[in-house]
Amino acid sequence: MTDSPARAVPRPALVGIFGGLFAGYLGLTAVIPVLPAFLRDRHAAGDLVVGLVVTVTAGTALLVRPVAGALADRYGHRTVMLTGALVAALGGLLYFLPLAVPALVAVRLLLGAGEAALFTAGAVWTVALAPHHRRGQLIGLYGVSMWGGISAGTFLGAPLQQVSFTAVWALAAAAPLLAAALIALVPVPHGEPGTAAPREPGTAAQRKSGGGGGLLLRPALLPGTALALGAAGYAGLAAFVVLHLDARGIGSGVLVLSCFSAVYAGTRLVIGHLPDKLGPRRVAAWSAAGEAVGLTIVALAPNLPVAVAGGVVTGVGFSLLHPSLALMVMNRAEPTRQGAAIGAYTSFWDLGLAVWGPVTGLVAATLDYPAVFGVGAACAVAAAAMAAWIGRPAGGHGGTGSPGGPGSERTEARAA
């Protein structure tokens, strides 16, 4: 069945959603390069306190994402996404106050909740608005908007610090307010979530979709685990590629990271339609395998060109892993639980980084830097195997379409 003209991509709505996500993350991340200096200058904080204040947002984001998704299912995507932007703006305003370190930790926890609501509700809203044949592509472009906001925020934060900390706080508050304005301008057609009476929890449809709650929501559990495994390679690359290449006398590890980031975004822009065209299971499996190959190249690289090539291959593979797995989640979840499912799925990313950050550090300390990338490659292989296995219907029958192809995935989605 083809999409009707009414199901064409609503570009003004996507501009509001993508623009709101970009502006929200710009404000949320502008403070990241500034907080360490602020904590040391104003509070004489040590490394432990700096690390806690900067990273504590992941804790509330991990817990709030599934809740935000369920609230978006019940009360409407725009309502929850708008609330997340306003919470982020409030957090930015609170930086102006002369807060002690415990109060700053509380502000950062609040910002983690706002970020979780902003991202999760917007992700499910994007899928709800998208034609069926472009859902995976638009999930990927949604992620590009997020990473664009992160890049812009971290880029602007450092030079603004040279003006004053107050200038950074102003951007941290103003950008999410702009996000809220963009989100508020997106109309919600009658009949979409939030335009009717709230649904009661515990319906038959919810039980059919797998029940559970939090990270244990059934449609999200296996794809989320695959995403968490894929996160190992990213954690190792971000933390140790510079040190790895320095130890080999190659240097310029920042160039590898830059190429990885550029290819990560470019892949989604150029071939982000592949999960829709070829099927999310197939693309997820090949993407994770590509990540494993790229990490292996980085681990063994004898010179900078080979290391850059490894970063490029890793970026291409890792780029399409998330939207492919997310599309699998959406295909397997009931419409009334898709927000909760995508929220639970996204939480596995936070969980993966929380686990793999210290694990890769332990591997680097006890073995060596190449072992970090070896562990990441092994986890990516496991993610590829899991992605290939998730989509297979019981008994291994593909129904209509070739086994393992898009037709079999669509058949399984209808049966889920």
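Bear in mind that the values here come from a model prediction, so they are computed numbers and not experimental data.

Parameters at a glance
Counting starts from 1 at the beginning of each chain's written sequence and moves along it residue by residue. Thresholds applied to this predicted model are a pLDDT of at least 70 for local features of residues and 80 or more for the giving and counting of side-chain atom pairs; totals over whole chains, interfaces and linings are not thresholded and use all residues. To obtain the side-chain values, all non-hydrogen atoms of the structure were used and water was disregarded. Counting from the N terminus, the helices are the DSSP runs of H or I reaching at least four residues and the strands are the DSSP runs of E reaching at least two. Residue burial is assigned from relative accessible area. The probe radius is 1.4 Å, only protein chains are included, and a residue is buried under 20% of its type maximum, exposed over 50%, and partly exposed in between. Contacts are residue-level and defined by heavy atoms, with any inter-residue pair within 4.5 Å sufficient. Only the protein chains shown count as cover for residues, and all accessible areas are computed by the Shrake-Rupley method using a 1.4 Å probe. Nonpolar cores are built from buried Ala, Val, Leu, Ile, Met, Phe, Trp, Tyr and Cys residues. Side-chain atoms within 4.5 Å join them into one set. Whenever Lys or Arg places a side-chain nitrogen within 4 Å of a carboxyl oxygen from Asp or Glu, that contact is recorded as a salt bridge. To estimate the expected span of a helix, count its residues, drop one, and scale the result by 1.5 Å. Whenever a helix is involved, its axis is fitted only over the stretch in contact; in every case the axis is a line through C-alpha atoms, and angles between N-to-C directions fall within 0 to 180 degrees. Just so you know how the angles are binned, under 35 degrees is roughly parallel, over 145 roughly antiparallel, 65 to 115 roughly perpendicular, and the rest oblique. Handedness of a crossing is defined here by the sense of rotation of the near helix relative to the far one, left-handed for an anticlockwise turn of less than a right angle and right-handed for a clockwise turn. Polar here means any residue other than Ala, Val, Leu, Ile, Met, Phe, Trp, Tyr, Cys and Pro, which are nonpolar, and Asp, Glu, Lys and Arg, which are charged; Gly is therefore polar. What pLDDT conveys is the predictor's confidence in a given residue, as a value from 0 to 100. A patch consists of residues exposed above 30% relative accessible area that lack any salt bridge, with like charges linked at up to 9 Å and nonpolar side chains (Val, Leu, Ile, Met, Phe, Trp, Tyr) linked at up to 5 Å. Each aromatic pair joins two rings of Phe, Tyr and Trp (for Trp, the six-membered one) with centres within 6.5 Å, and gets the label stacked for planes under 30 degrees apart, edge-to-face for over 60, and tilted for any other angle. Here the arc refers to the set of directions running from the helix axis out to each C-beta atom.

Draft legend 1. Expanded view of the overall build of the protein chain. Regarding its fold elements, the protein chain presents 17 helices and 0 strands. Counting over 416 residues, the protein chain shows a buried share of 51%. For the protein chain, the share of sequence-separated contacts (at least 6 apart) that also reach a separation of at least 24 residues comes to 82%. Surface summary for the protein chain: the accessible area is close to 17,100 Å², and the carbon and sulfur share equals 70%.

Draft legend 2. Here's a closer look at the nonpolar core. Val 241, Leu 325, Tyr 345, Trp 356 and Phe 373 are the most contacted members of the largest nonpolar core, which totals 55 residues. Take this core: its biggest share by element is 11 residues, from helix 10 (residues 218-247). With near-sequence residues (within four places) excluded, Trp 356 lies in contact with Ala 228, Leu 229, Ala 231, Ala 232, Ala 235, Val 375 and Cys 379. Grouped together as the second largest cluster of nonpolar side chains are 51 residues, Ala 13, Ala 121, Tyr 142 and Val 186 included.

Draft legend 3. Here's a closer look at the pattern of salt bridges. Throughout the structure, instances matching the rule amount to 2 salt bridges. With a closest N to O distance of 3.1 Å, Arg 65 and Glu 115 form a salt bridge. In this pair, Arg 65 sits in helix 4 (residues 57-75) while Glu 115 sits in helix 6 (residues 101-129), placing the two residues 50 residues apart along the sequence. Summarising the burial analysis for this pair, Arg 65 and Glu 115 share the class buried. Here Asp 350 makes a salt bridge to Arg 65, at a shortest N to O gap of 2.5 Å. One end of the pair, Asp 350, is in helix 15 (residues 338-366); the other, Arg 65, is in helix 4, with 285 residues separating them in the sequence. You'll find Asp 350 and Arg 65 in the same group, each marked buried. Where salt bridges share partners, they join Arg 65, Glu 115 and Asp 350 into one cluster.

Draft legend 4. Looking closely at helix 8 (residues 165-184). Over its 20 residues, helix 8 extends 29 Å from the first C-alpha to the last, a length consistent with the 28 Å expected when each residue adds 1.5 Å. For helix 8, the set of buried residues is Phe 165, Ala 167, Val 168, Trp 169, Leu 171, Ala 172, Ala 173, Ala 175, Pro 176, Ala 179, Ala 180 and Ile 183. In this structure, the buried residues of helix 8 make contact with helix 1 (11-29), helix 2 (35-43), helix 5 (77-94), helix 6 and helix 7 (135-163).

Draft legend 5. Here's a closer look at the environment of Pro 275. With respect to the secondary-structure elements, Pro 275 resides in helix 12 (residues 274-278). If we skip the residues at most four places from it in the chain, Pro 275 touches Pro 280, Val 283, Ser 324 and Leu 327.

Draft legend 6. Fine view of the packing of helix 13 (residues 280-300) against helix 16 (residues 369-390). Helix 16 packs onto helix 13 with a crossing angle of 165 degrees between their chain directions and a minimal axis gap of 8 Å. In terms of orientation, helix 13 lies roughly antiparallel with respect to helix 16. Crossing of helix 13 against helix 16: the hand is left-handed. Along the contact surface, helix 13 presents Arg 281, Ala 284, Ala 285, Ala 288, Ala 289, Glu 291, Ala 292, Leu 295, Thr 296, Val 298 and Ala 299, while helix 16 presents Pro 370, Phe 373, Gly 376, Ala 377, Ala 380, Val 381, Ala 383, Ala 384, Ala 387 and Ala 388. In terms of residue class, the contact of helix 13 with helix 16 is made up of 17 nonpolar, 2 polar and 2 charged.

Draft legend 7. Structural view of the packing of helix 10 against helix 13. Between helix 10 and helix 13, whose axes approach to 11 Å, the crossing angle comes to 20 degrees. In terms of axis orientation, helix 10 runs roughly parallel to helix 13. Of the two possible hands of crossing, helix 10 and helix 13 adopt the one that is left-handed. In this structure, helix 10 uses Gly 230, Gly 233, Tyr 234, Leu 237, Val 241 and His 244 to contact helix 13, whose residues at the interface are Glu 291, Leu 295, Val 298 and Ala 299.

Draft legend 8. Layout of the confidence of the model for the protein chain. This prediction gives the protein chain a mean pLDDT of 82; 85% of its residues lie at or above 70. Scored below 50 in pLDDT, residues 1-6 shows 3 contacts in the model against residues more than four places distant or in partner chains. Every residue in residues 194-212 is under pLDDT 50, and counting partners more than four places away or in other chains gives 33 contacts.

Draft legend 9. Representation of a nonpolar patch on the surface. The grouping of Val 67, Leu 71 and Tyr 75 at the surface amounts to a nonpolar patch, some 250 Å² of accessible area in total. With respect to the helices and strands, the residue Leu 71 is situated in helix 4.

Draft legend 10. Molecular detail of the side chain of Ser 145. Along the polypeptide, Ser 145 turns up in helix 7. Look at Ser 145 and you get buried, because its relative accessible area is 12%.

Draft legend 11. Spotlight on the packing of aromatic side chains. In the structure shown here, the tally under the stated rule is 16 aromatic pairs. Note on Phe 318 and Trp 349: the rings are 5.8 Å apart at their centroids and 40 degrees apart in plane angle, and the pair reads as tilted. Of this pair, Phe 318 sits in helix 14 (residues 304-332) while Trp 349 sits in helix 15, placing them 31 residues apart in sequence. In this structure an aromatic cluster arises from ring pairing among Trp 147, Tyr 234, Phe 260, Tyr 264, Phe 318 and Trp 349.

Draft legend 12. Helix 11 (residues 253-271), seen in detail. A rise of 1.5 Å per residue sets the reference length of helix 11, with its 19 residues, at 27 Å; its end C-alpha atoms lie 27 Å apart and thus fit the reference within 8%. Taken together, the buried positions of helix 11 are Gly 253, Val 256, Phe 260, Val 263, Tyr 264, Thr 267 and Arg 268. The arc that holds every buried residue of helix 11, seen down its axis, measures 125 degrees, which confines them to one face. Exposed residues on helix 11 whose side chains face more than 90 degrees from its buried face are Val 254, Leu 269 and Val 270. Looking at the buried side of helix 11, the elements it contacts are helix 7, helix 10 and helix 14.

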